[in-house]
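Below, each chain spelled out in residue letters.
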Amino acid sequence: MTEYVRGLVVRSRAGRDKGDFLAVLQAEDGWALVGDGKGRPLEKPKRKKQMHLAPTGVTLSEEQMETNRKLRNALRPFREKG
């Protein structure tokens, strides 16, 4: 079982955002608050069940998650690969 921690980059496996890469902003009791800095800004994260997320094994630094712009830039390489 993967530990969902702040900054973990995940890919959505279900829902209208399926296939999108997001960063975990907060995790608790089988749920995670995720955002991507654009459709889901830091001010309005999405609450998703952890079972609907596929962890990538990459964790972003706090500095990369300071603003929506920095978060978008940090997630860009994942979108380009996928």
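Above this text is the structure in question.
Sequence order sets the numbering: in each chain, residues are counted from 1 along the sequence as written. Totals for whole chains, interfaces and linings use all residues, but because this is a predicted model, local features are given only for residues with pLDDT of at least 70 and pairs of side-chain atoms are given and counted only at 80 or more. Heavy atoms throughout the structure, all of them, feed into the side-chain values; hydrogens and water do not.

Trainee: Teacher, can you tell me more about helix α1 (residues 68–81) here?
Mentor: What sets the pattern is the α-helix's 3.6 residues per turn: residues three or four places apart point alike. The end-to-end C-alpha distance of α1 is 21 Å, a good match for the 20 Å that 14 residues give at a rise of 1.5 Å each. The angle separating two fitted axes, one through the seven residues that finish at a residue and one through the seven that start at it, defines the bend at that residue. To qualify as a helix, a DSSP run of H or I must reach at least 4 residues; to qualify as a strand, a run of E must reach at least 2; elements of each kind are numbered from the N terminus. L75 marks where α1 bends most, by close to 35°; the proline P77 follows one to four residues later. Looking only at α1, the buried set comprises N68, L71, A74, L75 and F78. Residue contacts are counted whenever heavy atoms from the two residues lie within 4.5 Å of one another. On its buried face, α1 sits against β1 (8–12), β2 (21–28), β3 (31–35) and β5 (53–59). By this rule, a helix spans an expected 1.5 Å times one less than how many residues it contains. Exposure categories follow from relative accessible area, calculated using a 1.4 Å probe and restricted to protein chains: below 20% of the type maximum is buried, above 50% is exposed, and the middle band is partly exposed.

Trainee: What exactly am I supposed to notice about unusual backbone geometry here?
Mentor: Keep in mind that most residues, glycine aside, have a negative phi and that most peptide bonds are trans. Of note, the phi angle at D29 is positive, near 45°, even though the residue is not glycine. Tracing the backbone shows D29 in the loop between β2 and β3. Taking relative accessible area as the criterion, D29 reaches 75% and is therefore assigned exposed.

Trainee: Looking at this model, I keep getting lost on the sheet that holds β2. Mind explaining?
Mentor: By definition, the strands of a sheet pair up through backbone hydrogen bonds, in either a parallel or an antiparallel sense. Here, any two strands with at least 2 DSSP bridges between them count as paired. Across the sheet, which stays open at both edges, the five strands sit in the order β4-β3-β2-β1-β5 with antiparallel pairing between neighbours. What marks the edges here is a single partner per strand, and that holds for β4 (46–49) and β5. Within this sheet the neighbouring strands show an average axis-to-axis angle of 45°, counted without direction. Strand direction decides the pairing type here: β1 and β5, joined by four bridges, are antiparallel. Across the sheet, V10 pairs through a bridge with P55, a residue of β5. Along the sheet, α1 makes contact with β1, β2, β3 and β5, crossing β2 at roughly 120°. For helices, the fitted line uses only the C-alpha atoms of the stretch in contact; every axis is such a line through C-alpha atoms, and the angle between N-to-C directions lies from 0 to 180 degrees.

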